[in-house]
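Okay, here's what each chain looks like letter by letter:
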Amino acid sequence: MINFKQEIAKQIAKVTNLDEKELESYIETPKDVKNGDYAFPCFRLAKELKKAPMQIASEIKEKIEIDNGIIEKIEVISGYLNFYIQKECLTKEVLQEIQKAEYGKSNIGKGKTVLVEYSSPNIAKPFHIGHLRTTVIGAALYRIYKYLGYNTIGINHLGDYGTQFGKLIEGYKRWGAEYNLEENPIEELVKIYVRINELCKEDETVLEACRENFRLLEQNDPYCVDLWKRFKALSLKEFQRIYDMLGIKFDSVIGEAFYIDKMDKIYELLEKANVLKESEGAKIVDLEEQGLGACIIQKSNGSSIYVTRDLAAIRYRAQTYDFDKCLYVVAYEQALHFKQLFEVAKYLDIPEKCKKGLRHVQFGMTRLSTGKMSTREGNVIKIEDLLTEAIHRVEKVIQEKNPDMTNQEEEAKKIGIGAVIFNNLANTIIKDQVFDWDQVLNFQGETRTIYSIYLRKNKKYIRKSRICAKSRRNKNRNITR
Ligand code: ARG
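This is a predicted model, so every value here is computed, not measured.

Cut-offs used in this document
- Throughout, a residue's number is its position along its own chain's written sequence, starting from 1.
- Only residues with pLDDT of at least 70 get local features here, since the model is predicted, and only at 80 or more are side-chain atom pairs given and counted; chain-wide, interface and lining totals rely on the full set of residues.
- To get the side-chain values, all heavy atoms of the structure are used, and hydrogens and water are removed first.
- Counting from the N terminus, the helices are DSSP H or I runs at least four residues long and the strands are E runs at least two residues long.
- Only protein chains enter the accessibility calculation, which uses a 1.4 Å probe; a residue is then buried when its area is under 20% of its type maximum, exposed when over 50%, and partly exposed in between.
- Whether two residues are in contact is decided by their heavy atoms, any of which lying within 4.5 Å being enough.
- Aromatic rings from Phe, Tyr and Trp, with only the six-membered ring used for Trp, were paired whenever their centres fell within 6.5 Å, and each pair was classed as stacked if the ring planes differed by under 30 degrees, edge-to-face if by over 60, and tilted otherwise.
- Here, proximity means that at least one heavy atom of the residue falls within 4 Å of the molecule or strand.
- Polar contacts, as used here, are pairs of N or O atoms within 3.5 Å; protein pairs need one atom able to donate a hydrogen and one able to accept it. Residues neighboring in sequence count only if both atoms are side-chain atoms.
- Values of accessible area rely on a 1.4 Å probe in the Shrake-Rupley scheme; residue burial ignores everything except the protein chains shown.
- Note on residue classes: Ala, Val, Leu, Ile, Met, Phe, Trp, Tyr, Cys and Pro are nonpolar, Asp, Glu, Lys and Arg are charged, and everything else, Gly too, is polar.
- When DSSP finds two or more bridges between two strands, those strands count as paired.
- Throughout, an axis means a line fitted to C-alpha atoms (over the contacting stretch in the case of helices), and angles, computed between N-to-C directions, take values from 0 to 180 degrees.

**As for the overall build of the chain**
Next, step 1: The secondary structure content of the chain amounts to 18 helices and 13 strands.
Next, step 2: Taking the principal axes of its C-alpha atoms as reference, the chain extends roughly 90 × 65 × 40 Å.
Next, step 3: Classification of the 481 residues of the chain by burial places 48% in the buried group.
Next, step 4: A separation threshold of at least 6 residues defines the contact pool for the chain, and within that pool the share at least 24 residues apart is 69%.

**Looking at the packing of aromatic side chains**
Next, step 1: Tallied over the entire structure, the rule returns 17 aromatic pairs.
Next, step 2: Between Y172 and F231, the aromatic rings sit 5.9 Å apart at their centres with planes inclined by 70°, giving edge-to-face as the arrangement. Taken together, the residues Y172 in helix α7 (residues 164-175) and F231 in helix α10 (residues 222-246) connect sequence positions 59 residues apart. When sorted by exposure, Y172 lands in the same class as F231, which is buried.
Next, step 3: Here the aromatic cluster, defined as three or more aromatic residues joined through ring pairs, consists of Y118, F127, Y142, F239, Y243 and F250.

**Notes on the site of the ligand**
Next, step 1: In the region of the ligand, the neighbouring residues are E117, S120, N122, H157, Y306, D310, Y328, V330, Q334, H337 and F338.
Next, step 2: Contact between the ligand and E117: a nitrogen atom at 2.8 Å from a side-chain N or O atom of the residue.
Next, step 3: Between the ligand and N122, the relevant distance is 2.7 Å, taken from a nitrogen atom to a side-chain nitrogen or oxygen of the residue.
Next, step 4: For the ligand, whose accessible area on its own is 350 Å², the fraction buried by protein is 87%.
Next, step 5: Of all elements in the fold, only α12 (306-321) and α13 (335-344) reach the threshold of two or more residues within the shell around the ligand.
Next, step 6: Tallied by class, the residues present in the shell around the ligand amount to four nonpolar, five polar and two charged.

**Points about the sheet that holds strand β8 (residues 282-286)**
Next, step 1: Here we have three strands laid out as an open sheet, ordered β7-β8-β9, and antiparallel in their pairing. The sheet is open, and its two borders are formed by β7 (276-279) and β9 (294-298), each paired with just one other strand. Adjacent strand axes in the sheet meet at a mean angle of 45° when their direction is disregarded.
Next, step 2: Inspection of the sheet shows β8 paired to β9 by four bridges, in the antiparallel sense.

Such coordinate-based values are descriptive only and should not be taken to indicate function.
Written out as structure tokens, the structure is:
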């Protein structure tokens, strides 16, 4: 790859007669990409040249040759010379570089363990596009850490616990025979769930029966446990189909229910630390001082809650993996939950480095133009439908543009799914996304870039046209397409 710093230093040396190596050592990378790809601080030369930095900058700018196919333009910004590399040249260089084997691989993580928790869907609920970002961003982080030599563990923390299972069991008891769970498990379970919820609203005794089922489930009642296991296995089978399509793997798939018998220890540790307080019958840790309100640890009926299971999971993970970092790839909607969790985790009997290594990797929510997705209201878009549609659209493009392509079905799968993944990673992760079929499946602009890279990589089609990544950093500039 062209050493751009060296090229810039060479040009500056030519017009100043200063030492090229020394000049190169001064070159910086601007913090804001708007200010170019490289910057040269002219105040470094002020003493030697006995001139003001601004003047030095203007003079160098005037004299430097930029028609060498590398530098596109130079700007003087408060005593700095800012260099913009020609987009075409940069793109070509970068593409060539990343296609080399083991690009970016290193061993900086040797001896360190990073846990990446991602995806974590709730069983018996549709795996919808709201789960796509955690799944895709998490899997990318997992691969990056692994590539950097960290001992990396990918965790899927399944939501397999909660009062809704009492409801599902009740619904199944009543109408199970009417639904074909084998064929379309999650869809059918959702129907049962919606129906039993309706009935609960009308009839208090049904709600009571649901609560009783949940209590029985917690007490290991064989009938309830068997049903719950079946719901879980059926859901996992569906999730797995999507993970396979996306090429995503986990090293550990453990549901929240796994932590039930590990909860007493959490209460005990918090009691011992003298931070567990009674509040309206519930047990809480008061985090007012930290500006985080009250963190409920145990409900007034004695049952555990989401955060308690997460505390038990941290303790289990620290004991099992002795991790240096544990990343939670979860939407910002749960920011308060994670702040409270990490605060309360300080009272656990785990190594300090584990406590310090807890991180919430937040990202924006995916909404529909009609508002938030809701399983109960049935207005969700399933990931599987999105991927199928993406493949379908690519097939059409191939038929139009490359009708002679061999293996069209396989290629369309790779490109279509790749485009969906790329689209998720390319958007600023903290921003909310309003889901739009045409934008997500838009094969122009940025998405086109991976299509091109893919084709080049497979060396099947050499595109003469330029491959221009319309990346965010280029947005304000003139790009030749
Ligand atoms: N199952 C949860 C949900 O769908 C996400 C779990 C996030 N991870 C965690 N450790 N709390 O909202």
